[in-house]
Amino acid sequence: MLFYLAGILAIVATLMAVTRRHAVHALLYLIVSLLAVAIDFYTLGAPFIAALEIMIYAGAIMVLFVFVIMMLNVAEHAMEVERYSLKPSNWFGPALLAFILLGELVYCTLTSTSSFRAATVTPKQIGIALFGNFWIGVELASLLLTAGLVGAYHLGRQAFAKEETKHAADTNTARPDTGRDLVHAGAGRTHNAA
Amino acid sequence: MFTLGLAGLITRRNLIFTLMSIEIMLNASGLAFIAAGSRWGQPDGQIMFLFILTMAAAEVAIGLAFVLLFHRKQPELDVDAASKLRG
């Protein structure tokens, strides 16, 4: 019963997240969907994975999304978005879905013996299997995370370098044509040298 | 849920929504893994979900860095505009 309620909630929240026009609203619905999926994991007998889902997905990855969205539409329609997001019809949907989830959570804690109880896999079992049978997977995951870190750093550094050159070019074109001649002379010389 | 994520990936033209749809699809496959693992009472499904989680974290870091880089070049976040990428 709890499982199906959380599942329906997750599907509804995902549907809303995909169909929203505004990115922040979609993000709110997506967080509710992730929390509902975490409750599904809990009822399926995986409390460790449910905690990880909330911490990593709803915590870390969604914070990354929020940061990028905040960095993307800075100062474009900041005031308009601010006024728009204070309307109650915008946060009513995620609030309602999250309220149902809160009710489920309270119900879970009050009645500790759930009706739909599958075989619970403890974190100890997971750790033994993870570092026993799947050690090569752990190594591959660490390699993947290192590659992701290096790749994200490379992309970010390239962005900063591009911004520097763009800024220099803008200041050059903003000057009168002596600067442009200088740029042309430099470009021609490097072309001849090549 | 996987179908919903796939539909979102196809229909939306915004890069942010594309990344969100990929997250939804990964999450749905993780849910399937957890369900199968709990059906047989084995921890293997949860370990697979751990790997999916790691992969999603790395993927979203790269993807969002790319989105930032793309936004500096092109103010609108359109996937069709990404076909003009050269070098």
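Residues numbered from 1 in each chain as written. Chains lettered and ligands numbered in written order. Predicted model: local features only at pLDDT ≥ 70, side-chain atom pairs only at ≥ 80, totals over all residues.

Digging into the overall build of chain A
Across its full length, chain A carries eight helices and zero strands. The order of helices and strands in chain A, counted from the N terminus, is α-α-α-α-α-α-α-α. Here chain A, with 194 residues, has 23% of them falling under the buried criterion. Within chain A, contacts between residues at least 6 apart in sequence are counted, and of these 64% link residues at least 24 apart. (Helix = DSSP H or I, 4+ residues; strand = E, 2+ residues; numbered from the N terminus. Buried ≥ 20, exposed ≤ 12 C-beta atoms within 10 Å, placed from the backbone. Contact = placed C-beta atoms within 7 Å.)

As for the interface of chain A and chain B
Opposite the 47 residues of chain A that make contact, chain B presents 40 residues. Tallying contributions element by element places helix α7 (residues 135–174) of chain A first for the side of chain A that touches chain B, with 13 residues. Residues of the side of chain A that touches chain B, tallied by class, amount to 36 nonpolar, eight polar and three charged. (Nonpolar A, V, L, I, M, F, W, Y, C, P; charged D, E, K, R; others polar.)

Focus on the nonpolar core
In terms of nonpolar packing, the biggest core is built from 53 residues, with A36 and F41 of chain A touching the most fellow members. Mapped by element, the contributors of at least two residues to this core are α1 (2–19), α2 (23–43), α3 (47–72), α5 (88–110) and α6 (123–132) of chain A together with α2 (15–40) and α3 (44–73) of chain B. By residue number, the principal contributor to this core is α2 of chain A, which donates 14 residues. Not counting the four nearest positions on each side in its chain, A36 of chain A is found in contact with A6, L9, A10, A13 and L101 of chain A. (Core = buried A, V, L, I, M, F, W, Y, C linked by C-beta atoms within 7 Å.)

Focus on the confidence of the model for chain B
All names here are of chain B. When pLDDT is averaged across chain B, the result is 71; 64% of the residues are at 70 or more. When mean pLDDT is compared element by element in chain B, α3 scores highest at 80, while helix α1 (residues 2–11) scores lowest at 53. For this predicted complex, the interface score ipTM comes out at 0.71, while the overall pTM is 0.64. (pLDDT = per-residue confidence, 0-100.)

Points about the packing of α1 of chain A against α2 of chain A
Residue and element names in this part refer to chain A. Viewed as axis vectors pointing N to C, α1 and α2 meet at an angle of 160°, and their least axial separation amounts to 8 Å. When the axis of α1 is compared with that of α2, the two are roughly antiparallel. As α1 runs across α2, the sense of the crossing is left-handed. Between α1, through L2, F3, A6, G7, L9, A10, A13, T14, M16 and A17, and α2, the contact on the second element is made entirely by A26, Y29, L30, V32, S33, A36, V37, I39, D40 and T43. Taken together, the residues that form the contact of α1 with α2 break down as 15 nonpolar, four polar and one charged. (Axes fitted to C-alpha atoms, helices over the stretch in contact; angles between N-to-C directions. Parallel < 35°, antiparallel > 145°, perpendicular 65-115°, else oblique. Left-handed = near helix turned anticlockwise from the far one by under 90°.)

Some points on α2 of chain A
All names here are of chain A. Along its 21 residues, α2 runs 30 Å from first to last C-alpha, staying within 8% of the 30 Å computed at 1.5 Å per residue. With respect to burial, α2 is a largely interior element, 17 of its 21 residues being buried. Positive phi appears at G45, one or two residues downstream of α2, with a value of about 90°. (Expected span 1.5 Å × (residues − 1).)

What to know about the environment of F51 of chain B
Counting through the fold element by element, F51 of chain B comes out in helix α3. Sequence-wise, F51 of chain B and G30 of chain B are 21 residues apart; in three dimensions their C-alpha atoms are separated by 9.4 Å.

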